[in-house]
Amino acid sequence: MNEPIVARHWLALAAPRATPAVATSTVLILARIWNANGAEHSVGNAVLMTVLAAGAAAAGASLSRTGDSVLGATGYAIAGVFALTGVAAYADGLPLPLLLWVLATTIAYGFTARHWRTDRRETLAHERHMSERHTEHAHVERVEALRAGAQIESARAGAAYAEQLATALITRATLPGFDPAQITRAGLPELPTVNTTKEDW
């Protein structure tokens, strides 16, 4: 069976690759909006973001020790978001927030690239496995189709031979001088005889 070919739009293919940059850019933009609305040089807001970042980092470290790497990485990512937001909202200029944005985006791409490679390897392995299974099933189907065709041809040839034999026997029986005993003496199976007695009448 042929599977339908689905052509994905280029935006759908590019969206996962742009996710880290979009995420860090969104954090930077929201932090600068917060900066313009009173967070600049606000010690209370800076302390709040520092506490949140430290709490998220501690949560990520504790989750990493339990063996759950996904939740641990999520905790570290949230800590980085809080740190970037706090610095970008507290600073009065753009150079430091932009520098942190570049560093955060680079780190995000570094982590996600490893996951993309793993997903790519798993996808290729799955496609290879499915291709092997399809090839194996196609081979089995071809063998079974050939076997079924051979059985059909054999049955058809046997039926044709039986029909020809019956026709030959009937034709031979109509000829003058036909003796069924000679066929039996020649080694052929004995033909059934019909006993007509008075009891049959």
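Nothing here was measured: the structure is a model prediction, and the numbers come from that model.

## Section: the overall build of the protein
For step 1, the next point in the chain: Regarding its fold elements, the protein presents five helices and zero strands.
For step 2, the next point in the chain: Listed by position from the N terminus, the elements making up the protein come as α-α-α-α-α.
For step 3, the next point in the chain: Looking at the protein alone, contacts between residues at least 24 apart form 62% of all its contacts between residues at least 6 apart.
For step 4, the next point in the chain: Just so you have it, the protein exposes about 15400 Å², and 66% of that area is on carbon and sulfur atoms.

## Focus: the confidence of the model for the protein
For step 1, the next point in the chain: Averaged over every residue, the pLDDT of the protein is 78; the share at 70 or more is 83%.
For step 2, the next point in the chain: The spread of mean pLDDT over the elements of the protein runs between helix 5 (residues 180-185), the lowest at 69, and helix 4 (residues 95-174), the highest at 85.

## Concerning the packing of helix 3 (residues 69-90) against helix 4
For step 1, the next point in the chain: Relative orientation of the contacting elements helix 3 and helix 4 amounts to 165°, with a least axis distance of 9 Å. Considering the angle they form, helix 3 stands roughly antiparallel to helix 4. Both helix 3 and helix 4 take part in a crossing whose hand is left-handed. Along its contact with helix 3, which presents Leu84, Val87 and Ala88, the element helix 4 presents Leu96, Pro97, Leu100, Trp101 and Ala104.
For step 2, the next point in the chain: Along the lines of polarity and charge, the residues of the contact of helix 3 with helix 4 split into eight nonpolar, no polar and no charged.

## Some thoughts on the nonpolar core
For step 1, the next point in the chain: Within the largest apolar cluster, five residues are counted, these being Leu28, Ala31, Ala39, Ala88 and Ala89.
For step 2, the next point in the chain: Secondary-structure elements contributing two or more residues to this core are helix 1 (10-39) and helix 3.
For step 3, the next point in the chain: Broken down by element, this core gets its largest block of residues, three residues, from helix 1.

## A look at the packing of helix 2 (residues 43-65) against helix 3
For step 1, the next point in the chain: Orientation of helix 2 relative to helix 3, taken along the N-to-C sense of each, is 165°, at an axis distance of 7 Å. Considered as vectors, helix 2 and helix 3 are oriented roughly antiparallel to each other. Helix-helix and strand crossings are classified by hand; for helix 2 and helix 3 the assignment is left-handed. Packed against helix 2, whose contacting residues are Val43, Ala46, Met49, Leu52, Ala53, Ala56, Ala57, Gly60, Ala61, Leu63 and Ser64, the element helix 3 presents Leu71, Gly72, Gly75, Tyr76, Ile78, Ala79, Phe82, Ala83, Thr85, Gly86 and Tyr90 at the interface.

## Observations concerning the side chain of Asn35
For step 1, the next point in the chain: Residue placement: Asn35 occurs in helix 1.
For step 2, the next point in the chain: For Asn35, a relative accessible area of 8% puts it in the buried group.
For step 3, the next point in the chain: Within polar-contact distance, the side chain of Asn35 engages the backbone oxygen of Ala89 at 2.7 Å.
For step 4, the next point in the chain: When neighbours within four sequence positions are excluded, Asn35 is seen to be in contact with Glu40, Ala88, Ala89, Tyr90 and Ala91.

## Focus on the pattern of salt bridges
For step 1, the next point in the chain: The final tally for this structure, using the stated rule, is two salt bridges.
For step 2, the next point in the chain: One salt bridge in this structure joins Glu144 and Arg147, with 2.6 Å as the shortest N-O distance. Placement of the pair is Glu144 and Arg147 together in helix 4, with a separation of three residues, close to one helical turn.
For step 3, the next point in the chain: Here Arg156 and Glu153 are joined by a salt bridge, their closest N and O atoms 3.2 Å apart. One end of the pair is Arg156 and the other is Glu153, both in helix 4 and three residues apart, which spans about a single turn.
For step 4, the next point in the chain: With a relative accessible area of 45%, Glu153 lands in the partly exposed category.

Calculation notes
- Residues numbered from 1 in each chain as written.
- Predicted model: local features only at pLDDT ≥ 70, side-chain atom pairs only at ≥ 80, totals over all residues.
- Heavy atoms only, no water.
- Helix = DSSP H or I, 4+ residues; strand = E, 2+ residues; numbered from the N terminus.
- Contact = heavy atoms within 4.5 Å.
- Areas by Shrake-Rupley, 256 points an atom, 1.4 Å probe, with all protein chains shown as cover.
- pLDDT = per-residue confidence, 0-100.
- Axes fitted to C-alpha atoms, helices over the stretch in contact; angles between N-to-C directions.
- Parallel < 35°, antiparallel > 145°, perpendicular 65-115°, else oblique.
- Left-handed = near helix turned anticlockwise from the far one by under 90°.
- Nonpolar A, V, L, I, M, F, W, Y, C, P; charged D, E, K, R; others polar.
- Core = buried A, V, L, I, M, F, W, Y, C linked by side-chain atoms within 4.5 Å.
- Buried < 20%, exposed > 50% of the residue type's maximum accessible area, 1.4 Å probe, protein only.
- Polar contact = N/O pair within 3.5 Å; in protein donor to acceptor, adjacent residues only side chain to side chain.
- Salt bridge = Lys/Arg side-chain N within 4 Å of Asp/Glu carboxyl O.

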